[in-house]
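# Inside the fold
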Amino acid sequence: MIPYGRQTIDDKDIRAVVQVLRSDWLTQGPKVLEFEEALCRYTGAKYAVVVSSGTAALHIACLAAGLGKGQEAMVPANTFVATANAVLYTGAQPVFADIDHETGNIDPRAIMKMMNRTTRAIIPVHFGGNPCAMEDIYGLAKKRKITIIEDACHALGAAYKSGGKWWKIGSCRHSDMTIFSFHPLKAITTAEGGAVLTNDKRLYQRFLKLRSHGVTKEPSDFENRNAHDVGPWYYEMQELGFNFRITDLQCALGVSQLKKADGFVRKRTRIAQLYRKAWAHGSYFDLPSQQNNGVSAWHLFPIRLKGRFVQRRKEMFCWLRDLGLGVQVHYIPVYWQPYYARLGYAKGSCPVAEDFYRREISLPLYPAMTSADVRRVIECVNKAGAEVLK
Ligand SMILES: Cc1ncc(COP(=O)(O)O)c(C=O)c1O
């Protein structure tokens, strides 16, 4: 089976992890800061805090945005459940915005239509690695002092042009915070892991506290504290935080992987180009389209079935699986999930995302794919089309 995505681990990665195993620090050691500094250099952000998963990163980002009961955060319907769940963790309510039918990204027109006085945050997701229209979203949100959290779980290595300059996703040029996931299917991996990046020192300090139980070594001006209690051992819990820490073992892998991130994106881009070339003269599906002025990280290669093939998506999908392709579908609109239905979200609210879901199939795409793998995917996709037409 050729999966739709997988990690690429080499001997250097393995050596980096083994070195930590032989060291004094398995967690909370020097590799954590080293990975954070490397992420800042890579993206151009001032601050990074690495955590145990992309979901943990979203969770603390939502808390730092001040989300809570009585507030709303706008998220695209076409995303993994974690994006919306993080809003629920804070007590706030996710509001699902419809997407652009070409890119699968949140549609700024939908944001404009749905924004209201209780909208506290917008969480654009760079679907498949393709950057959202960040300038437009920033323009809409900043006038109303709405916080923007980029869910860039698919988009490490992507970039977009604005004001004559290229900005890496993660630079937070048009947002307050950006979060990444380092799950094995993502651009680089730490097995499980995530990060939240910002240019705002206060947000950074908040992330540090939330990552580790709300505890800091810096004494606040807490009035009931006895001066004798403050010494080199001192620590203070200032708010209810979590254990969202990531280990040094994982961060060593992250540092080693990040050195190869651009190479991984180049390989992904090359495979995407081969797919595009293979179906340049048309097929039974639409090819993924790029946002203007954007460079995708090509996390996914999402095709969208056309015409009568739409009704036969399940059959197509099963054919492809039977032929040995580990295809997947991204995504079932989040509010269709039984949990969200029980919360009162109804089908039909984001028709473009629903149509996108019905037509979408993600083809295999990952850096370690060989030319033979790519040829096989192209052959199988063509064969499945012919079988369904019979
Ligand atoms: C868009 C999106 N957001 C958030 C997440 C959650 O990341 P993690 O699995 O690292 O918690 C994922 C993971 O698949 C994702 O695809």
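Please read all numbers here as calculations on a predicted model, not as lab measurements. (Residues numbered from 1 in each chain as written. Predicted model: local features only at pLDDT ≥ 70, side-chain atom pairs only at ≥ 80, totals over all residues.)

## Some thoughts on the overall build of the protein
What counts here: Under the DSSP-based scheme used, a helix requires at least four consecutive residues in state H or I and a strand at least two consecutive residues in state E, with every element numbered from the N terminus. Based on C-alpha atoms, the radius of gyration is set beside the globule rule, defined as 2.2 Å times the residue count to the power 0.38. Exposure criterion: with C-beta atoms placed from backbone coordinates, a residue whose C-beta has 20 or more other C-beta atoms within 10 Å is buried, one with 12 or fewer is exposed, and one in between is partly exposed. Whether two residues are in contact depends on their C-beta atoms, placed from the backbone: they are in contact if these lie within 7 Å.
A tally of regular secondary structure across the protein gives 13 helices and 17 strands. Here the C-alpha atoms of the protein give a radius of gyration of 22 Å, agreeing with the 21 Å that 2.2 N^0.38 yields for 390 residues. The principal-axis extent of the C-alpha atoms belonging to the protein is close to 85 × 50 × 45 Å. Looking at the 390 residues of the protein, the share that counts as buried comes to 50%. Summarising the internal contacts of the protein: among those between residues at least 6 apart in sequence, 74% fall at separations of at least 24.

## Some thoughts on the pairing of strand β17 (residues 360-363)
Cut-off, in case you're wondering: Pairs of strands are assigned from DSSP output, requiring at least two bridges between the strands.
Taking every second residue as pointing to the same face, both faces of β17 are buried, with E360 and S362 on one and I361 and L363 on the other. Across four bridges, the pairing between strand β15 (residues 301-305) and β17 is antiparallel. The residue of β17 that forms the bridge with I303 is I361.

## Let's talk about the domain arrangement of the protein
Using the following cut-off: Delimitation of the domains relies on an automatic or database domain assignment. Side-chain classes follow a simple rule in which Ala, Val, Leu, Ile, Met, Phe, Trp, Tyr, Cys and Pro form the nonpolar group, Asp, Glu, Lys and Arg form the charged group, and the remainder, Gly included, forms the polar group.
Per the domain assignment, the segments making up the protein are domain 1 (2-258) and domain 2 (261-389). Inter-centroid distance (C-alpha atoms) of domain 1 to domain 2 is 26 Å. Contacts between domain 1 and domain 2 engage 39 residues on the former and 44 residues on the latter. When residues of the side of domain 1 that touches domain 2 are traced back to their parent elements, those giving at least two are β1 (2-3), α4 (81-89), β7 (159-162) and α8 (248-258). A total of three residues in the side of domain 1 that touches domain 2 trace back to one element, the largest contributor, which is β7. When the residues that make up the side of domain 1 that touches domain 2 are grouped by side-chain class, the tally is 20 nonpolar, 14 polar and five charged.

## As for the site of the ligand
Definition in use: Residues are classed as near a molecule or strand if the C-beta position derived from their backbone is within 6 Å of it.
Taken together, the neighbourhood of the ligand is formed by 14 residues, with S53, G54, T55, C153 and S181 sitting nearest. Looking at side-chain class alone, the shell around the ligand contains four nonpolar, nine polar and one charged residues.

## Remarks on the sheet that holds β17
Read across the open sheet, the three strands follow the order β13-β15-β17; overall the sheet is antiparallel. Since the sheet does not close on itself, it has two edges, and those belong to β13 (285-286) and β17, each with one partner.

## A closer look at unusual backbone geometry
Along the chain, H330 connects to Y331 via a cis peptide bond; the corresponding omega equals -5 degrees. If you trace the backbone, Y331 turns up in the loop between β16 (325-326) and α11 (338-342). Even without being a glycine, Q28 presents a positive backbone phi close to 55 degrees. With respect to the secondary-structure elements, Q28 resides in the loop between α1 (11-21) and α2 (30-43). Residue C172 is not a glycine yet carries a positive backbone phi of 60 degrees. Judged by C-beta crowding, with 26 C-beta atoms within 10 Å, C172 ranks as buried.

## As for the confidence of the model for the protein
The condition is simple: The predictor attaches a confidence to each residue, called pLDDT, with possible values from 0 through 100.
Confidence in the prediction for the protein averages 96 pLDDT; 99% of positions are at 70 or higher. Mean pLDDT values for the elements of the protein range from 92 in helix α13 (residues 371-389) up to 99 in strand β10 (residues 194-198).

## Regarding the pairing of β10
Among the five residues that make up β10, five are buried, leaving the element largely enclosed by the rest of the structure. Here β10 shows two buried faces, one formed by G194, V196 and T198 and the other by A195 and L197. When strand β2 (residues 47-51) meets β10, the two strands line up antiparallel, connected through five bridges. Bridge assignment links A48 to a residue of β10, and that residue is L197. Here strand β9 (residues 177-181) pairs with β10 via five bridges, running antiparallel. When the sheet's bridge partners are listed, T178 is paired in β10 with L197.

## Some remarks on the packing of α2 against α8
Applicable threshold: Axis lines are fitted to C-alpha atoms, over the contacting stretch for helices. Their N-to-C directions set the angle, which ranges from 0 to 180 degrees. Orientation is classified from the angle alone, with under 35 degrees giving roughly parallel, over 145 giving roughly antiparallel, 65 to 115 giving roughly perpendicular, and any other angle giving oblique. What makes a crossing left-handed is the near helix being turned counterclockwise from the far one by less than a right angle; a clockwise turn instead makes it right-handed.
With their axes 8 Å apart at the nearest point, α2 and α8 run at an angle of 30 degrees to one another. Considered as vectors, α2 and α8 are oriented roughly parallel to each other. Once α2 is placed against α8, the crossing between them reads as left-handed. Packed against α2, whose contacting residues are K31, V32, E34, F35, A38, L39 and Y42, the element α8 presents D248, C251, A252, G254, V255 and L258 at the interface.

## Here we look at α4
Within the sequence span of α4, burial applies to A82, T83, A84, A86 and V87. Against the buried residues of α4 lie α3 (54-64), β3 (72-76), β4 (93-97) and β6 (147-151). One or two steps after α4, the chain reaches G91, where phi turns positive at roughly 95 degrees.

## Quick notes on the nonpolar core
For clarity, the threshold we go by: For the purposes of this analysis, a nonpolar core is taken to be any set of buried Ala, Val, Leu, Ile, Met, Phe, Trp, Tyr and Cys residues that are connected through C-beta atoms within 7 Å.
In this structure, I60, A61, C62, I179, A195 and V196 are the most contacted members of the largest nonpolar core, which totals 122 residues. Looking at this core, the element that brings in the most residues is α3, giving eight residues. Two domains each put at least three residues into this core: domain 1 (2-258) and domain 2 (261-389). Here C62 is in contact with L67, A73, A86, V87, Y89, T90, A121 and I149, once residues within four sequence places are set aside.

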